[in-house]
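# Architecture at a glance
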Amino acid sequence: MKSAPFDYRAPESIDEVLSLLSVGDGVRVLAGGQSLVPLMKARVVKPTLVVDVNRVPGLADVEEQADGSLVVGALTRQQALLDNAAAREAQPLLHAAGRFAGYLATRHRGTVGGSLAYAAPWAELMAAVVALDAQLEIRSARGERTVAAREFFRGPHETALEPDELLTAVRMPAAAARTGAGFHEVSARYRDFARVAAAATVTLDEVGTCTAAELVLLRVAPAPHRVDVSHLVGTTIGEAECAVVAESLSGLEPADDIEVSGTYRRRVAVTLALRALRDANERARATT
């Protein structure tokens, strides 16, 4: 099937992009096109105007700031993020999660900002930015604002982004010393959409005691689900502590859908959560 007729613009400045977006409904942004183009071809979406942002300078930069924070431009290709040594060093969870995003070919086109703005329930980078307490930088002709990743995702394909706004960058705080990351997912086939996924970070002090931990699950709730693992702080994470996490997840109530049952998702979520936490703990311990 071919897409419905539409107008196409490829502006070369951010101001021109924002001016085009201010037109209102019917305008869609084209970045990598890995989600938008198939939807257009199937006529699931029928934009009247497609704004291609690939010629806009400055949107694909990855920069480590003086304070150690990491700023990733929204147009950064997913594979470019994986290949960036500074990003991997600054925030290892980005690499741990990002390597599960699609195939090599799709990662060379798919963008960080496109993945977050599309907010597919299985998007691995959503879990990573929520766990890392990232800040999303957004611009429109009306001005600029910053939204915490933990408030940005509202549900499947639903975000805090307004129709006239453009996600321009993702800013993540510096990772603390002795921080490890873990990410696991389950899919029906290799590199298929994740049915359940878990992202975790653990930070330890010099003697191996946990000083901070984060755990985020995908596809057990409408939006990325941040699990309260604050009880791990002050402990030396072992099987007893992991058992408490597993028990806390027994109350999850994922919905049944055409793919799998909610019961399946809850059981798998427990397994993946523990794997991700153990990996993060072991990697943090390896740096002490």
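Values in this document were obtained by computation on a predicted structure and should not be read as measured data. (Residues numbered from 1 in each chain as written. Predicted model: local features only at pLDDT ≥ 70, side-chain atom pairs only at ≥ 80, totals over all residues. Heavy atoms only, no water.)

Once that is clear, we can look at the overall build of the protein. A tally of regular secondary structure across the protein gives eleven helices and 14 strands. Against the globule reference of 19 Å for 288 residues, the protein gives a C-alpha radius of gyration of 19 Å, in line with a compact fold. If you line up the protein on its principal axes, its C-alpha atoms span 60 × 50 × 30 Å. Taken over 288 residues, the protein has a buried fraction of 50%. Contacts in the protein between residues at least 24 apart in sequence constitute 61% of all its contacts with a sequence separation of at least 6. Between the centroid of the 31 positive side chains of the protein and the centroid of its 36 negative side chains there is a distance of 7 Å. (Helix = DSSP H or I, 4+ residues; strand = E, 2+ residues; numbered from the N terminus. Rg over C-alpha atoms; globule rule 2.2 N^0.38 Å. Buried < 20%, exposed > 50% of the residue type's maximum accessible area, 1.4 Å probe, protein only. Contact = heavy atoms within 4.5 Å. Lys, Arg positive; Asp, Glu negative; His and termini not counted. Charge placed at Lys NZ, Arg CZ, Asp CG, Glu CD.)

Ranked by size, the top nonpolar core spans 41 residues in total, and within it Leu93, Leu116, Phe153, Val170, Met172 and Phe183 carry the most contacts. If you tally residues by element for this core, the top one is helix H8 (residues 124-131), at seven residues. Discounting residues that sit within four places of it in the chain, Val170 has contacts with Leu70, Val71, Val72, Val112, Leu116, Val129, Ala134, Gln135 and Leu136. (Core = buried A, V, L, I, M, F, W, Y, C linked by side-chain atoms within 4.5 Å.)

Time to look at the pairing of strand E3 (residues 49-52). Every second residue of E3 is oriented toward a common face, with Leu49 and Val51 on one face and Val50 and Asp52 on the other, all of them buried. The sheet contact formed by strand E1 (residues 7-9) and E3 spans three bridges and is parallel. Residue pairing in the sheet places Asp7 in a bridge with Leu49 of E3. Relative to E3, strand E2 (residues 27-30) runs parallel, the two sharing four bridges. Bridging across to E3, Val27 finds its partner in Leu49. Assessed by its sense of winding, the connection that carries the chain from E2 through helix H2 (residues 36-41) to E3 is right-handed. (Pairing = 2+ DSSP bridges. Right-handed = clockwise from strand over helix to strand, strands pointing away.)

A separate point is the sheet that holds strand E14 (residues 225-227). Spatial ordering of the open sheet is given by E11-E12-E13-E14, a layout of four strands whose pairing is antiparallel. The two strands at the open ends of the sheet, each matched to only one other strand, are strand E11 (179-187) and E14. Shown here is a sheet whose adjacent strand axes are inclined to one another by a mean of 15°, direction ignored. Summarising the sheet, E11 and strand E12 (residues 194-204) pair through nine bridges and their orientation is antiparallel. Counted as the bridge partner of Ser187 is Ala194 from E12. (Axes fitted to C-alpha atoms, helices over the stretch in contact; angles between N-to-C directions.)

This brings us to the packing of helix H10 (residues 239-248) against helix H11 (residues 262-285). Running from N to C, H10 and H11 point in directions that differ by 145°, and their axes come no closer than 10 Å. In this structure, H10 crosses over H11, and the sense of that crossing is right-handed. Along the contact surface, H10 presents Glu239, Cys242, Val245 and Ala246, while H11 presents Val270, Leu274, Leu277 and Arg278. Grouping the amino acids of the contact of H10 with H11 by side-chain chemistry returns six nonpolar, no polar and two charged. (Left-handed = near helix turned anticlockwise from the far one by under 90°. Nonpolar A, V, L, I, M, F, W, Y, C, P; charged D, E, K, R; others polar.)

Right, let's talk about the pattern of salt bridges for a bit. Inspection of the entire model under this criterion finds 16 salt bridges. In this structure, the salt-bridge partner of Arg142 is Glu165, at a minimum N-O distance of 3.7 Å. Of this pair, Arg142 sits in the loop between strand E6 (135-140) and strand E7 (143-148) while Glu165 sits in the loop between strand E9 (158-159) and strand E10 (166-172); the two residues are 23 residues apart in sequence, bridging distant segments of the chain. Its relative accessible area of 7% is what places Glu165 among the buried residues. Between Asp192 and Arg189 there is a salt bridge; the shortest N-O distance is 2.5 Å. (Salt bridge = Lys/Arg side-chain N within 4 Å of Asp/Glu carboxyl O.)

Let's shift gears to the side chain of Thr209. Of note, Thr209 is situated in the loop between E12 and strand E13 (210-218). Setting aside chain neighbours within four positions, we find Thr209 in contact with Thr203, Leu204, Gly234, Thr235 and Thr236.

What follows deals with the sheet that holds strand E4 (residues 62-64). What the five strands build is an open sheet, ordered E4-E5-E10-E6-E7; its pairing is antiparallel. Each edge of the sheet is formed by a strand with only one pairing partner; in this case those strands are E4 and E7. Shown here is a sheet whose adjacent strand axes are inclined to one another by a mean of 20°, direction ignored. Alignment of strand E5 (residues 70-73) against E10, held across four bridges, turns out to be antiparallel. Note that in E10 the partner of Gly73 across the bridge is Ala169. Along the sheet, helix H1 (residues 14-21) contacts E6 and E10; its crossing angle with E10, the most-contacted strand, is approximately 125°.

The quantities given are spatial measurements derived from coordinates; they are silent on function.
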